[in-house]
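# Breakdown of the fold
Next come the chains, spelled out residue by residue.
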Amino acid sequence: AGSFTNLATATGDDPNGEEVSEDDDETVDADQMPELTVVKTSTTDPNTYSEVGDVLTYSITVENTGNVTITNVMVDDPQATSGPTYDSGDDGDDILQVGETWTYLASYTVTQEDIDAGSFTNLATATGDDPNGEQVSGEDDETVDADQNPSIAVVKTAIPPGQTYAVVGDVLTYELTLTNDGNVTVYNPTLSDLQATVGPDYQSGDIDDDGVLDVGETWMYLASYTITQDDIDNGSFTNLATGNGDADTDGDEIGDTPVTDNDDETVEAIQMPEIVVVKTSTTDPNTYAEVGDVLTYSITVENTGNVSITNVMVDDQGADATPVRGADQVGNDDAILDVGEIWTYTAAYTVDQDDLDAGFYTNLATATGDDPNGEEVSDNDDETVDADQMPELTVVKTSTTDPNTYSEVGDVLTYSITVENTGNVTITNVMVDDPQATSGPTYDSGDDGDDILQVGETWTYLASYTVTQEDIDAGSFTNLATATGDDPNGEEVSEDDDETVDADQMPELTVVKT
């Protein structure tokens, strides 16, 4: 009412017994203090949010903390998605009595902007009329903090999957993705791949084309890399893609918190370590015929694989000495046998009698080296040089008869037969035949004990022949000695020589007449 007025009345009787009366009133004004107290409280459990669509719930209490009743109470929460809706507290008269508290419920659905802002504050306002029709109001806000997770994810993948490389110049292709896998917007997104030959080049993913990496967006890039020899030698190629950006954690639409991530991808090489050895005789003419002849060789070692080879060594067990490396036929003389390089070595061999007897000389050159994994790589090649074999026997048959004649039946002619190996190969199975000899031929001397007629060796045989009348009548006696043997190839070698001894003929007749 705002005031209180009450009336005092006095009555009495006059002398005549008539009533006499008078009254008076007094008004006292009230000290009216209309007041509303609003308390807004989050009832969200847990009291935070992290995803778009999260719902924040609130309890809003309106208490009449004044001293006058309040009517026409209304509660407003303009940011609320739902409510405020009256819940409890009124005693049923729709008047907010002094000391009475009414409760309202409201809720709010979170947006991306709220997560980016880091917190969400909203205001509830209560209004009503005091007994004089004057508006009374109160308000309160509530702040709920966001559970921010600024994050990006980089994924680098070789495409097609399972690709490999084997040749310098092979191109590896990659798909790279940059994803906002956190819950706040990221500004200034970049993706780098420092080793890429081309790219990364943006392809797609910025759905709203705003240059901002929104939560849940995945941007796709392409990049490529051109293989070098080092990559093949290494056996694999790994390169790293790095994503960067600035997360907006205060809602001002400007990135303020750096975020980064990276991912690497490894592509395996197909390593094919291989060397090829070629050994070639440089002897001119390309043959040999004497002990002491020197055969010369060129040995090339080529890297025909796809990886560099180190610690290259060339061995030629049949050479007089270790092969000597000359200038690279193809290469840079850096002691690494690079792919495609050809190194040249020289070697020599001095012929011996066994080589002449064999008819050819074959020796093997072997090259070894280490591939980039420390595994041995090797190859070999042999070269054959044919001998110019000249098997030859020289037979000399000489009469050793003294005096070197004959005159009577029964005279004995004696002979020396020499068989010399005047060729360049050894002769075995030597036999000397003198079919007219009465005795022999019988070996006498010359062999070194191995029963092989070595080159330059001379064997001596002895034979004899007993003269007949026919030999005296003939005036001379000639007979033939033949030597045969086998060369190293099993082929027969033969030679002969004859010797003639003249008769001392004494024709005479003795006549006796009786």
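For the structure itself, look to the data block above.
Residues numbered from 1 in each chain as written. Predicted model: local features only at pLDDT ≥ 70, side-chain atom pairs only at ≥ 80, totals over all residues. Heavy atoms only, no water.

Counting its regular elements, the protein chain contains four helices and 30 strands. In terms of overall dimensions, the protein chain has C-alpha extents of about 265 × 35 × 30 Å along its principal axes. Approximately 26,600 Å² of the protein chain is accessible, and the part contributed by carbon and sulfur atoms is 46%. Mean positive and mean negative side-chain charge positions of the protein chain (6 and 116 charges, respectively) differ by 36 Å. (Helix = DSSP H or I, 4+ residues; strand = E, 2+ residues; numbered from the N terminus. Areas by Shrake-Rupley, 256 points an atom, 1.4 Å probe, with all protein chains shown as cover. Lys, Arg positive; Asp, Glu negative; His and termini not counted. Charge placed at Lys NZ, Arg CZ, Asp CG, Glu CD.)

Here the largest pocket defines a volume of roughly 170 Å³. It is helix H1 (residues 112–117) that contributes the most residues to the lining of the largest pocket, three residues altogether. Here the residues of the lining of the largest pocket sort into two nonpolar, three polar and six charged. (1 Å grid on protein atoms, 1.4 Å probe; cavity = no way out; pocket = protein on both sides within 12 Å on 5 of 7 lines; lining within 4 Å. Points joined across faces, edges and corners; volume = space filled by probe spheres on them. Nonpolar A, V, L, I, M, F, W, Y, C, P; charged D, E, K, R; others polar.)

Before going further, it helps to examine the environment of Gly440. On the secondary structure map, Gly440 appears in strand S27 (residues 439–445). In this structure, the C-alpha to C-alpha distance between Gly440 and Ser464, residues 24 residues apart in sequence, is 6.6 Å. When near neighbours in sequence (up to four residues on either side) are disregarded, Gly440 contacts Leu462 and Ala463. (Contact = heavy atoms within 4.5 Å.)

Among the surface-exposed residues, Glu22, Asp23, Asp24, Asp25 and Glu26 lie close enough to one another that they form a single negatively charged patch. Counting through the fold element by element, Asp23 comes out in strand S2 (residues 19–29). (Patch = residues over 30% accessible without salt bridge, like charges linked within 9 Å, V, L, I, M, F, W, Y side chains within 5 Å. Salt bridge = Lys/Arg side-chain N within 4 Å of Asp/Glu carboxyl O.)

On the secondary structure map, Asn64 appears in strand S4 (residues 55–64). Classification of Asn64 as buried rests on a relative accessible area of 1%. Polar contacts involving the side chain of Asn64 include one to the main-chain amide nitrogen of Gly66, which spans 3.0 Å. Separated by 2.8 Å, the side chain of Asn64 and the backbone oxygen of Leu96 make a polar contact. Each residue touching Asn64, except ones within four places of it in the same chain, is listed here: Glu35, Leu36, Thr69, Ile70, Leu96, Gln97, Val98, Gly99 and Glu100. (Buried < 20%, exposed > 50% of the residue type's maximum accessible area, 1.4 Å probe, protein only. Polar contact = N/O pair within 3.5 Å; in protein donor to acceptor, adjacent residues only side chain to side chain.)

Glycine aside, residues mostly have negative phi, and peptide bonds are mostly found in the trans state. With an omega of -5°, the peptide bond running from Asp284 to Pro285 counts as cis. Mapping Pro285 onto the fold places it in the loop between strand S17 (275–281) and strand S18 (294–303). Cis rather than trans, the peptide bond between Asp402 and Pro403 has omega equal to -5°. You can see Pro403 is positioned in the loop between strand S24 (393–399) and strand S25 (412–421). Positive phi is not limited to glycine here, since Asn429 has a value of about 55°. Structurally, Asn429 can be placed in strand S26 (residues 428–433).

Another point: the environment of Asp54. Inspection of the secondary structure puts Asp54 in the loop between strand S3 (36–42) and S4. Assessed through its relative accessible area of 23%, Asp54 is described here as partly exposed. Distance in space between the C-alpha atoms of Asp54 and Val110 is 5.3 Å, their sequence separation being 56 residues. Not counting chain neighbours up to four residues away, the residues in contact with Asp54 comprise Tyr49, Tyr108, Thr109 and Val110. From its side chain, Asp54 meets the backbone nitrogen of Ser50 in a polar contact 2.9 Å long.

Core analysis: the largest hydrophobic core is formed by 50 residues, its most contacted members being Tyr49, Leu56, Tyr165, Leu172, Tyr174 and Val301. With residues up to four places along the chain from it excluded, the contact list for Leu172 reads Gln163, Thr164, Tyr165, Ala223, Ser224, Tyr225, Ile227, Phe237 and Val267. The next biggest cluster of nonpolar side chains, apart from the first, holds 25 residues, and it includes Tyr297, Val425, Val430 and Tyr461. (Core = buried A, V, L, I, M, F, W, Y, C linked by side-chain atoms within 4.5 Å.)

If you trace the four strands from one edge of the open sheet to the other, you get S17-S18-S21-S20, paired in antiparallel fashion. Sheet topology places S17 and strand S20 (324–325) at the edges, where each strand pairs with a single neighbour. Taken together, the nine bridges between S18 and strand S21 (residues 342–350) define a ladder with antiparallel strand orientation. Residue pairing for S21: Val301 is matched across the bridge by Trp343. (Pairing = 2+ DSSP bridges.)

In this fold, Thr500 is placed in strand S30 (residues 492–502). Judged by relative accessible area, which is 36%, Thr500 ranks as partly exposed. Taking the C-alpha atoms as reference points, Thr500 and Lys279, 221 residues apart in sequence, are found 57 Å from one another. Residues contacting Thr500, with those up to four places away along its chain left out, are Ser476, Phe477 and Thr478. Of the polar contacts made by the side chain of Thr500, one reaches the side chain of Thr478; its length is 2.3 Å.

As a further point, take the packing of aromatic side chains. Scanning the entire structure with this criterion turns up ten aromatic pairs. Ring centres of Tyr86 and Trp102 lie 6.1 Å apart, and the angle between their planes is 80°; on these two criteria the pair is classed as edge-to-face. One end of the pair, Tyr86, is in strand S6 (residues 82–88); the other, Trp102, is in strand S7 (residues 101–109), and 16 residues separate them in sequence. Ring geometry for Tyr443 and Tyr461: centres 5.8 Å apart, planes at 80°, overall edge-to-face. Placement of the pair is Tyr443 in strand S27 and Tyr461 in strand S28 (residues 458–466), with a sequence separation of 18 residues. Look at Tyr461 and you get buried, because its relative accessible area is 7%. The cationic tip of Lys279 hangs over the ring face of Tyr297; the distance from NZ or CZ to the ring centre is 4.3 Å. (Phe/Tyr/Trp six-rings, centres within 6.5 Å; stacked < 30°, edge-to-face > 60°. Lys NZ or Arg CZ within 6 Å of the ring centre and 35° of its normal.)

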